Amino acid sequence: MRNMRNMRNDLTGALVVVLIAAPLAALVFASLLLAQTAAPAKPQPPVPQHDLSGVWAAAGGGQAQLRIDKIPPMLPWGQAKYDENIGELKKGNPIVTKDPAFNCLPAGVPHTFQNGAFPFEIVQTPQRIFLFFESAHNWREIWMDGRQIPKDADPTWMGYSTGHWGGNDLVVEVGNFNDRTWLDPGGHPHSDALHITERYHRSAYDALQIEFNINDAKAYTAPFTMKVEFRLRPKWEIAESYCLPEDQENFDKTIFQPNAK
């Protein structure tokens, strides 16, 4: 009698296992079948040759970040300017309002690539490449006709740029700067002896990396490198965005005098 009862229990347990396992096995089989029949990911178009045209914005969304490998020691002139530039931070202010770009002046290079969460557009012609920055409507031109940086040109905010193709990378030499801009929002200064070599590398159809080799013998003891990354935004357009002094004044009141009217 006990054996018959145990046999019935064993059969009941086996039936329950089958009833549970069968739907589970069917679900697993259906998942495997779906995975095999799902459409493959759409491949990216190939990287265009000698073509950087389009609207580009920060790779991760938000504001682009200039990465600095390592800042070499500054020479006395550079250190004095740097200490002056970041004086507000030492006093506890949350931002550096002394930044020329914060005061509606051109941001300079490479600072203009990290001037807020703004995109920029590259437009190419046979003789020149234009960079139009939405931020404050700044712009640059890169001469592609084989000329050299003139030795007697007036110093400028954005520098004088000449370029050529090194493989599929755009290599740009930039000189003839004034000393009124910063290299980045962190207050790193430069002198009028600044020379920058830029390398624009399109690593994928929608990915652009820019490397800036900074050489300033008046401000730093050795050259150093900054880098930034962007993503192609095919559906974006550059909007109108101007830097207005009254906007900066209102921003100052909001940050430093919250109760000011």
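Residues numbered from 1 in each chain as written. Predicted model: local features only at pLDDT ≥ 70, side-chain atom pairs only at ≥ 80, totals over all residues. Heavy atoms only, no water.

Undergrad: Provide a residue-level description of unusual backbone geometry, including the pertinent values.
TA: In this structure, Pro110 follows Val109 across a cis peptide bond, with omega equal to 5 degrees. Mapped onto the fold, Pro110 is located in the loop between α3 (87–90) and β3 (120–124). At Cys104, a position not held by glycine, the phi torsion is positive, near 65 degrees. In this fold, Cys104 is placed in the loop between α3 and β3. At Asn176, a position not held by glycine, the phi torsion is positive, near 60 degrees. Along the chain, the position of Asn176 falls in the loop between β7 (169–175) and β8 (195–204). Exposure remark for Asn176: the relative accessible area of 19% places this residue in the buried category. (Helix = DSSP H or I, 4+ residues; strand = E, 2+ residues; numbered from the N terminus. Buried < 20%, exposed > 50% of the residue type's maximum accessible area, 1.4 Å probe, protein only.)

Undergrad: I'd like a description of the state of the cysteines, backed by residues and values.
TA: Applying the stated rule across the entire model yields one disulfide. Across a sulfur-sulfur distance of 2.2 Å, Cys104 and Cys243 are joined as a disulfide pair. Given an S-S torsion of about -80 degrees, the disulfide between Cys104 and Cys243 has left-handed geometry. Within this pair, whereas Cys104 is found in the loop between α3 and β3, its partner Cys243 is found in the loop between β10 (224–232) and α4 (245–256), the two being separated by 139 residues in sequence. Residue classification places Cys104 among the partly exposed positions, given a relative accessible area of 25%. Judged by its relative accessible area of 24%, Cys243 falls in the partly exposed class. (Disulfide = S-S within 2.5 Å.)

Undergrad: Could you give me a rundown of the environment of Glu198, with the residues and numbers involved?
TA: Take Glu198: it is sitting in strand β8. Note on Glu198: relative accessible area 0%, which makes it buried. With 89 residues separating them in the primary sequence, Glu198 and Val109 have C-alpha atoms 9.9 Å apart. Contact partners of Glu198, with chain neighbours within four places excluded, come to Val109, Phe113, Arg140, Leu170, Val171, Val172, Val174, Glu211 and Phe212. Among the polar contacts made by the side chain of Glu198, one reaches the side chain of Arg140 at a distance of 2.9 Å. (Contact = heavy atoms within 4.5 Å. Polar contact = N/O pair within 3.5 Å; in protein donor to acceptor, adjacent residues only side chain to side chain.)

Undergrad: Quick rundown of the pattern of salt bridges? Include the residues and the values.
TA: The final tally for this structure, using the stated rule, is seven salt bridges. The residue Arg67 makes a salt bridge to Glu229 at a minimum N-O spacing of 3.9 Å. Placement of Arg67 in strand β2 (residues 67–68) and of Glu229 in strand β10 is noted, with a sequence separation of 162 residues between them. Owing to a relative accessible area of 39%, Arg67 belongs among the partly exposed residues under this scheme. With a relative accessible area of 29%, Glu229 lands in the partly exposed category. Between Asp145 and Arg147 there is a salt bridge whose closest N-O contact spans 2.8 Å. Its relative accessible area of 31% is what places Arg147 among the partly exposed residues. (Salt bridge = Lys/Arg side-chain N within 4 Å of Asp/Glu carboxyl O.)

Undergrad: Any details on the side chain of Arg202? Residues and values, ideally.
TA: Structurally, Arg202 is set in strand β8. This buried residue, Arg202, is left without a salt bridge; Asp51 holds the nearest opposite charge, at 4.8 Å. A distance of 2.6 Å separates a polar atom in the side chain of Arg202 from the backbone oxygen of Asp51. (Lys, Arg positive; Asp, Glu negative; His and termini not counted.)

Undergrad: Got a sec to walk through the packing of aromatic side chains? Specific residues and values, please.
TA: Within this structure, the stated rule accounts for nine aromatic pairs. Aromatic pair Phe113 and Phe133: ring centres 5.2 Å apart, planes at 85 degrees, arrangement edge-to-face. Of this pair, Phe113 sits in the loop between α3 and β3 while Phe133 sits in strand β4 (residues 128–133), and the two are 20 residues apart along the sequence. Given a relative accessible area of 4%, Phe133 falls into the buried group. Pairing Phe130 with Trp139 gives two aromatic rings, centres 6.4 Å apart and planes at 35 degrees, and the pair type is tilted. Exposure remark for Phe130: the relative accessible area of 14% places this residue in the buried category. The ring of Tyr205 carries Arg202 above its face, with NZ or CZ at 5.2 Å from the centroid. Just above the ring of Trp236 sits the side chain of Arg233; from NZ or CZ to the centre is 5.2 Å. (Phe/Tyr/Trp six-rings, centres within 6.5 Å; stacked < 30°, edge-to-face > 60°. Lys NZ or Arg CZ within 6 Å of the ring centre and 35° of its normal.)

Undergrad: So what about the nonpolar core? Which residues, and what values?
TA: One finds Phe113, Phe120, Leu131, Tyr200, Ile210 and Phe212 to be the most contacted residues of the largest nonpolar core, which totals 37 residues. Of all the secondary structure elements, the ones that give two or more residues to this core are β1 (54–58), β3, β4, β7, β8, β9 (207–215) and β10. Per element, the largest residue contribution to this core is five residues, and it comes from β10. (Core = buried A, V, L, I, M, F, W, Y, C linked by side-chain atoms within 4.5 Å.)

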